[in-house]
Amino acid sequence: MCGIVGAVAQNNVIPILIEGLKRLEYRGYDSCGIAVHLDRKLQRSRSTSRVADLEKQLATSGLTGFTGIAHTRWATHGAPVTHNAHPHFSRDRIALVHNGIIENHDDLRAELQALGYVFESQTDTEVIAHLVDHMYTGDLFETVQQAIKRLTGAYAIAVFSADEPHRVVAARQGSPLIVGLGDGQNFVASDAMAIAGTTDQIIYLEEGDVVDLQLQRVWIVDVNGRSVEREVKTVQAYSSAVELGPYQHYMQKEIFEQPRAIADTLEGVVNIMPELFGDKAFSVFQQIDSVLILACGTSYYAGLTAKYWLESVAKIPANVEIASEYRYRDSVPNPNTLVVTITQSGETADTLAAVKHARSLGMLHTLTICNAATSAMVRECALAYITRAGVEVGVASTKAFTTQLVGLFLLTLAIAQSKNRLSEEQEQAHLKALRHLPAALQSVLALEPHIVAWAEAFARKENALFLGRGMHYPIALEGALKLKEITYIHAEAYAAGELKHGPLALVTEEMPVVTIAPNDTLIEKLKSNMQEVRARGGQLYVFADADSHISPSEGVHVIRLPENYGLLSPILHVVPLQLLAYHTALARGTDVDKPRNLAKSVTVE
Ligand code: AGP
């Protein structure tokens, strides 16, 4: 992961770099640092705390510079301590920041040590800094092009030399990197958001590109060293969208934004039509005989939910695979499969690699449900549906998940329609239910005070179980992920019928068991599973539809959702689980938006 930002300007670049780091903290926040070029010398400041701390450090030191690079780290090689924080220096001549993993770092380290280089860190990054220094010809652009030929793995790097003021060289292979074009100043960053407000003229570098950034020019060469022109895109500045407003945390804000996010995602959906996913979608949907969904984490759970919809509404076989597993296993490719990726960021390395793997197996029909219109995934897939959740800052995904579900439900309907499996009447009924979602969500959000009361009890626990059945089983999985992610409580989810096959052994009077109880065809079966828990003394915390006929009793706590929402019920039932995790985290005093060890965008394997 990690975030990179670099600048060549005619003014002090520190404020731009600090602002860029703040916006890139979603990529990792184990440590951060800045290096600038000052009087033909390298100067740096690093912190193992957050960017705000680095900013204070810089204000005290008064460090300034017209050329600089900065980094926010998600630790891979080496603990999150100052000497492992980027930028890394080599012989006080080369400064370098890196996102990704260099797989041959051990061999290169041994080689460079034999040449007399002394390593100060455990990182794979320092290897690149020394390698660039060792190969330095006096022309950094030329040197970096040669040096990266020695690297195996994924990387985005930005580097400058004490000997070449007003020049930053950057390169990418497997990790994202953009160039921002300004007036007499140019930038490089992991994400356009880092420099939003400074420039909206963005170049998305391609795999293997190396860029030479100077005050008045930007020169790019491709993987073969040939000079190339890359398209300059005008990217909407979205800095204002990440203001916290009246909320205490981004996660809280994002939970409460869900009615708006879903309304925005549905904006423009007048009728169900395959073209919502791209011009060629109709012919693709007609050809396909199965769906393969590839995703990670919360997005994977969105995929698991969609499997129920695809098979019951569109009557098309659907498989859902964890992207990092799919890419490395032997599978039987079917060229008539629609490969669907689900990703909030559009930059998740495992999901990107999985879709490339599927294509390499001859599965060419690709579609993404993605929240980032200009992301690598949207560029990678033939068809796309862009969810309109807006920027999601909290590491724990909330509004991205519910808007993904909306996108997946629309996909289900569009495939059903293309295959003549959807009557006009059914289409209208589904559209009506979709349009009612924002109002229905408001009623669920109004349950917050009841959930706050439960959170006090959960905050004292170290374990929790989540139960669901049918299409609410993935919602139980998502609820457990939310709880463990931000409260550090060990939580596991089971399809309720599985309980008796092992996990029931965990149930004691100490065990809270969260149960998702929509009034669907499985409700009576679920009630039996709840009895199995109560008989062992387990404490049930039940989110039940109003008409589920589940009443509170000893050891059975109930919060009622206002209405049964049929096929779209998972979109409503996940919201109280998000609120439960949020308020439990508040009660435990954990870092809600930046939970330990995690990052928002997972751009390494
Ligand atoms: C969930 O709260 C997490 N942030 C995580 O599981 C996330 O959903 C996963 O890393 C996939 O990210 P993506 O949607 O950006 O691909």
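All values derive from a computational prediction rather than experimental measurement. (Residues numbered from 1 in each chain as written. Predicted model: local features only at pLDDT ≥ 70, side-chain atom pairs only at ≥ 80, totals over all residues. Heavy atoms only, no water.)

### Section: the overall build of the protein
1) Next: On a plain count of helices and strands, the protein comes out with 18 helices and 25 strands.
2) Next: Taking 25 Å as the expected radius of gyration for a compact globule of 605 residues, we find that the protein reaches 25 Å, a close match to that expectation.
3) Next: In terms of overall dimensions, the protein has C-alpha extents of about 75 × 55 × 45 Å along its principal axes.
4) Next: Burial status across the protein gives 61% buried among its 605 residues.
5) Next: Considering only intrachain contacts with a sequence separation of at least 6, the fraction spanning at least 24 residues in the protein is 73%.
6) Next: Accessible surface, the protein: about 22,800 Å² in total, of which carbon and sulfur atoms supply 49%.
7) Next: Taken as two groups, the 52 positive and 67 negative side-chain charges of the protein have centres that lie 1 Å from each other. (Helix = DSSP H or I, 4+ residues; strand = E, 2+ residues; numbered from the N terminus. Rg over C-alpha atoms; globule rule 2.2 N^0.38 Å. Buried < 20%, exposed > 50% of the residue type's maximum accessible area, 1.4 Å probe, protein only. Contact = heavy atoms within 4.5 Å. Areas by Shrake-Rupley, 256 points an atom, 1.4 Å probe, with all protein chains shown as cover. Lys, Arg positive; Asp, Glu negative; His and termini not counted. Charge placed at Lys NZ, Arg CZ, Asp CG, Glu CD.)

### So, the sheet that holds strand S11 (residues 201-204)
1) Next: Strand order in the open sheet formed by eight strands is S3-S2-S4-S1-S10-S9-S11-S15, with antiparallel pairing between adjacent strands. Of all strands in the sheet, those with a lone pairing partner are strand S3 (41-47) and strand S15 (232-234), marking the two edges. The average undirected angle you get between the axes of adjacent strands in this sheet is 20°.
2) Next: Where strand S9 (residues 178-181) meets strand S10 (residues 186-189), four bridges bridge the pair, whose relative direction is antiparallel. Residue Val179 lies in a different strand from S10, and its bridge partner there is Val188. (Pairing = 2+ DSSP bridges. Axes fitted to C-alpha atoms, helices over the stretch in contact; angles between N-to-C directions.)

### Quick notes on the UniProt feature "domain: Glutamine amidotransferase type-2" (unreviewed entry) in the protein
1) Next: Mapped onto the present numbering, the UniProt feature "domain: Glutamine amidotransferase type-2" (unreviewed entry) falls at residues 2-216.
2) Next: What you have in residues 2-216 is 24% helix and 34% strand, and the ends, taken at the C-alpha atoms, are 28 Å apart. (UniProt positions renumbered as here; feature names shortened; annotations may be inferred.)

### As for helix H1 (residues 14-24)
1) Next: Burial analysis of H1 places eight of its 11 residues in the buried class, the great majority of the element.
2) Next: Among all positions in H1, only Ile14, Ile16, Leu17, Ile18, Gly20, Leu21, Arg23 and Leu24 are buried.

### Some words on the nonpolar core
1) Next: Counting 91 residues, the largest nonpolar core has Phe277, Phe285, Val291, Leu338, Val340, Ile415 and Phe466 as its most contacted members.
2) Next: Of the residues forming this core, the biggest block, 11 residues, is contributed by helix H13 (residues 399-418).
3) Next: Discounting residues that sit within four places of it in the chain, Phe285 has contacts with Pro274, Phe277, Leu338, Leu367, Leu383, Leu411, Ala414, Ile415, Ser418 and Lys419.
4) Next: Val13, Leu17, Leu54 and Ile202 belong to the second largest nonpolar core, which has 31 residues in total. (Core = buried A, V, L, I, M, F, W, Y, C linked by side-chain atoms within 4.5 Å.)

### So, the environment of Tyr301
1) Next: With respect to the helices and strands, Tyr301 occurs in helix H9 (residues 297-312).
2) Next: Along the chain, Tyr301 and Tyr473 lie 172 residues apart, while their C-alpha atoms are 9.2 Å from each other.
3) Next: The residues touching Tyr301, leaving out its near neighbours within four places in the chain, are Phe401, Pro474, Leu477, Glu478 and Leu481.

### A look at the UniProt feature "active site" (unreviewed entry) in the protein
1) Next: UniProt records the feature "active site" (unreviewed entry) for Cys2 and Lys600 in the present numbering. For the annotated residues, spread through 599 residues, the largest C-alpha to C-alpha distance comes to 10.0 Å, consistent with a single compact locus. As for the annotated residues named above, the ones lining the largest cavity are Cys2.
2) Next: Here Cys2 is to be found in the segment before strand S1 (3-8).
3) Next: Aside from chain neighbours lying at most four places away, what touches Cys2 is Arg27, His71, Thr72, Arg73, Trp74, His98, Asn99 and Ser190.
4) Next: Locating Lys600 in the fold gives a position in the segment after helix H18 (569-588).
5) Next: Note on Lys600: relative accessible area 12%, which makes it buried. (1 Å grid on protein atoms, 1.4 Å probe; cavity = no way out; pocket = protein on both sides within 12 Å on 5 of 7 lines; lining within 4 Å.)

### Let's talk about the sheet that holds strand S22 (residues 490-495)
Either a parallel or an antiparallel arrangement is found when strands of a sheet pair, and the pairing is made through backbone hydrogen bonds.
1) Next: If you walk across this open sheet you meet the five strands as S22-S21-S23-S24-S25, and the pairing is parallel. The sheet terminates laterally at S22 and strand S25 (556-561), the two strands that pair on one side only. With direction set aside, neighbouring strand axes in the sheet form an average angle of 20°.
2) Next: Pairing of strand S21 (residues 463-468) with S22 involves six bridges; the strand directions are parallel. Note that in S22 the partner of Leu465 across the bridge is Glu492.
3) Next: Where helix H15 (residues 448-459) meets the sheet, its contacts fall on S21, strand S23 (512-517), strand S24 (539-545) and S25, and the angle it forms with S24 comes to roughly 160°.

### Remarks on the environment of Thr521
1) Next: Of note, Thr521 is situated in the loop between S23 and helix H17 (523-535).
2) Next: Classification of Thr521 as exposed rests on a relative accessible area of 79%.
3) Next: Between the alpha carbons of Thr521 and Phe409 there is a distance of 20 Å; along the sequence they are 112 residues apart.

### So, the packing of H1 against helix H2 (residues 51-61)
1) Next: At their nearest, the axes of H1 and H2 sit 9 Å apart, and the two run at 165° to each other. What the angle tells us is that H1 and H2 run roughly antiparallel. Here H1 runs over H2; the crossing is right-handed. Along the contact surface, H1 presents Ile14, Ile18, Leu21 and Lys22, while H2 presents Val51, Leu54, Glu55 and Leu58.
2) Next: Tallied by class, residues from the contact of H1 with H2 come to six nonpolar, no polar and two charged. (Parallel < 35°, antiparallel > 145°, perpendicular 65-115°, else oblique. Left-handed = near helix turned anticlockwise from the far one by under 90°. Nonpolar A, V, L, I, M, F, W, Y, C, P; charged D, E, K, R; others polar.)

### Re the packing of H9 against H13
1) Next: Put simply, H9 and H13 touch, their axes get as near as 9 Å, and they point 30° apart. Looking at the two axes, H9 sits roughly parallel to H13. Both H9 and H13 take part in a crossing whose hand is right-handed. Note on element contacts: H13 touches H9 through Phe401, Gln404, Leu405, Leu408, Phe409, Thr412 and Ile415, opposite Thr298, Ser299, Tyr301, Ala302, Gly303, Thr305, Ala306, Trp309 and Leu310.

### So, empty space enclosed by the protein
1) Next: Using the criterion set out here, one finds three cavities of 30 Å³ or more in the structure.
2) Next: Its volume calculated, the largest cavity comes out at about 70 Å³.
3) Next: In this structure, the largest cavity is lined by 13 residues; those nearest its centre are Arg73, Thr76, His86, Asp124 and Thr125.
4) Next: Per element, the largest residue contribution to the lining of the largest cavity is three residues, and it comes from strand S6 (residues 94-102).
5) Next: A breakdown of the residues in the lining of the largest cavity according to their chemical character gives three nonpolar, eight polar and two charged. (Points joined across faces, edges and corners; volume = space filled by probe spheres on them.)

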